[in-house]
Each structure stands twice: as C-alpha cells, then as structure tokens.
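One-letter residues, chain by chain:
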Amino acid sequence: MKTNMQKTVPYSNISYGTEPTKLVRFMRVFFLFQIYNFFRLNLKVMMIVVRGHS
C-alpha cells in the first residue's frame, strides 16, 4: 500500500498564507463596513484616553 504524501517547497506561494474568502474581500472594500470600523476604533481609543485622564 503506497501513500501519497504532498510535500511543500519552503518559501513557495503555498507556504505563506491562506486566500481571503469572497466575504472577507467584499468587507474590505465595503464602504459602510469601513465607516463602522472607523468609528468603532475611534470610540475604543477615546475610551482609553478618557480613562487615562481621570
């Protein structure tokens, strides 16, 4: 019984990372989602600043 073992070549394209899914690619360019993330991040930063100044 012979088993097929796939070997990867170091530093080839397959050994770096996974391809983003269609949903991930869409969300990266979807304007409303980017605006939401922008305000969410700004709110987190402002909460840290407010806590540091009290």
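Residues numbered from 1 in each chain as written. Predicted model: local features only at pLDDT ≥ 70, side-chain atom pairs only at ≥ 80, totals over all residues. Heavy atoms only, no water.

All right, on to the overall build of the protein then. In terms of helices and strands, the protein carries 2 helices and 0 strands. Burial status across the protein gives 0% buried among its 54 residues. (Helix = DSSP H or I, 4+ residues; strand = E, 2+ residues; numbered from the N terminus. Buried < 20%, exposed > 50% of the residue type's maximum accessible area, 1.4 Å probe, protein only.)

Each pair of packed helices gets described by two things: the angle between the helix axes and the distance between those axes. Running from amino to carboxyl end, helix α1 (residues 22-29) crosses helix α2 (residues 31-52) at an angle of 70°, the nearest separation of the two axes being 5 Å. Considering the angle they form, α1 stands roughly perpendicular to α2. For the pair α1 and α2, contact is made by Met27, Arg28 and Val29 and by Phe31, Phe33 and Gln34, respectively. Within the contact of α1 with α2, the residues separate by chemical class into 4 nonpolar, 1 polar and 1 charged. (Axes fitted to C-alpha atoms, helices over the stretch in contact; angles between N-to-C directions. Parallel < 35°, antiparallel > 145°, perpendicular 65-115°, else oblique. Contact = heavy atoms within 4.5 Å. Nonpolar A, V, L, I, M, F, W, Y, C, P; charged D, E, K, R; others polar.)

The next point concerns the packing of aromatic side chains. Summed over the entire model, instances satisfying the criterion amount to 3 aromatic pairs. Look at Phe33 and Tyr36: their rings are 6.4 Å apart centre to centre, the planes differ by 35°, and that puts the pair in the tilted class. In this pair, Phe33 and Tyr36 both sit in helix α2, 3 residues apart, roughly one turn of the helix. On the accessibility criterion, Phe33 (27% relative accessible area) is partly exposed. Look at Phe38 and Phe39: their rings are 5.3 Å apart centre to centre, the planes differ by 75°, and that puts the pair in the edge-to-face class. (Phe/Tyr/Trp six-rings, centres within 6.5 Å; stacked < 30°, edge-to-face > 60°.)

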